[in-house]
Amino acid sequence: MGAAKKIVNDFGGEVPKTMEELLTVPGAARKTANVVLGSWYGVAAGVVVDTHVQRIARRLELTKNTDPRKIEQDLMKLIPRGKWIDFSHQVIHHGRAICIARKPKCAECPLENLCHAADKTWSTVEIHKSAKP
């Protein structure tokens, strides 16, 4: 209700098109703002960091941080701006389909040889031979 009222009263019923404005909407933080800007408006203002992106970025050692804002900053330095929107969608899909939180499907993963995660379930890389099949 608060978000709807804010959008109607302050933005004439139009969802804001900037990060700064979206962050004033009740219930909208950076993740939501990045989703709206990227998916609806095609604006790459940042990288969406949900639980999947957070988990996979850490498993692939793209960040050592646990705070979503810091993870976003790390990813923004690594990923070209023109890829931020697609990157988020692709990593989220990968996290839902393959790199599942409790039992990743490492044997099916196209990134398996790049992954150094401690909870790997299978490995082709010598350094990861301690992973249980």
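Our subject is the structure that appears above.
Position numbers for residues count from 1 along each chain, tracking the sequence in the order it is written. Thresholds applied to this predicted model are a pLDDT of at least 70 for local features of residues and 80 or more for the giving and counting of side-chain atom pairs; totals over whole chains, interfaces and linings are not thresholded and use all residues. Side-chain metrics in this entry use all non-hydrogen atoms of the structure; hydrogen atoms and water are not considered.

Student: Describe the side chain of threonine 63, with residues and values.
Tutor: Checked against the element boundaries, threonine 63 lands in the loop between helix H4 (51-59) and helix H5 (68-78). Of the polar contacts made by the side chain of threonine 63, one reaches the side chain of aspartate 74; its length is 2.5 Å. Contacts are assigned to residue pairs with any non-hydrogen atoms lying within 4.5 Å of each other. When near neighbours in sequence (up to four residues on either side) are disregarded, threonine 63 contacts Ala57, Arg58, Ile71 and Asp74. In DSSP terms, a helix is any run of H or I states spanning at least four residues, a strand is any run of E spanning at least two, and both are numbered starting from the N terminus. Nitrogen and oxygen atoms within 3.5 Å of one another constitute a polar contact, given that in protein one can donate a hydrogen and the other can accept it, and given that sequence-neighbouring residues count only through two side-chain atoms.

Student: Provide a residue-level description of helix H3 (residues 30-40), including the pertinent values.
Tutor: A simple rule labels every residue: compare its accessible area, found with a 1.4 Å probe on the protein chains alone, to the largest value its type can have, and call it buried under 20%, exposed over 50%, or partly exposed in between. Those residues of H3 not exposed but buried are Ala33, Asn34, Leu37 and Gly38. Taken down its axis, H3 places every buried residue within 115 degrees of arc, on the same side. Buried residues along H3 sit against helix H2 (19-22), H5 and helix H6 (84-97). Immediately beyond the C-terminal end of H3, within one or two residues, lies glycine 42, with a positive phi of roughly 70 degrees. What the arc measures is the spread of directions leading from the helix axis to the C-beta atoms.

Student: Describe in detail the pattern of salt bridges, supporting the description with residues and values.
Tutor: By definition, a salt bridge exists where a carboxyl oxygen of Asp or Glu is found within 4 Å of a side-chain nitrogen of Lys or Arg. Per the counting criterion, the structure on display carries five salt bridges. The residue arginine 59 makes a salt bridge to aspartate 119 at a minimum N-O spacing of 2.5 Å. Residue arginine 59 is located in helix H4, and its partner aspartate 119 is located in the segment after H6; the two are separated by 60 residues in the primary sequence. Using a relative accessible area of 8% as the deciding quantity, one classes arginine 59 as buried. Between glutamate 72 and arginine 69 there is a salt bridge, with its nearest N and O atoms 3.3 Å apart. Placement of the pair is glutamate 72 and arginine 69 together in helix H5, with a separation of three residues, close to one helical turn. Residue glutamate 72 is classed as buried on the basis of its relative accessible area of 2%. For arginine 69, a relative accessible area of 37% puts it in the partly exposed group.

Student: Let's hear about the side chain of aspartate 74: which residues, and what values?
Tutor: By the secondary structure assignment, aspartate 74 is in helix H5. Here aspartate 74 is buried and forms no salt bridge, its nearest opposite-charge partner lysine 77 lying at an N-O distance of 4.5 Å. With residues near it in sequence (within four places) discarded, aspartate 74 still touches Leu62, Thr63, Lys64 and Asn65. Under the counting rule used here, the positive set is Lys and Arg, the negative set is Asp and Glu, and His together with the chain ends is not counted.

Student: Can you explain empty space enclosed by the protein? Please cite residues and give values.
Tutor: Think of a ball as big as a water molecule: rolled over the atoms, this probe shows where empty space is left. Grid spacing is 1 Å over the protein atoms alone, the probe is 1.4 Å, and a cavity is where that probe fits but cannot get out, while a pocket is an open set with protein on both sides within 12 Å along at least five of seven lines and lining residues have an atom within 4 Å of a point. Grid points are joined across faces, edges and corners, and a volume is the space filled by probe spheres set on the points. Within this structure, the stated rule accounts for one cavity of 30 Å³ or more. Estimates place the volume of the largest cavity at around 130 Å³.

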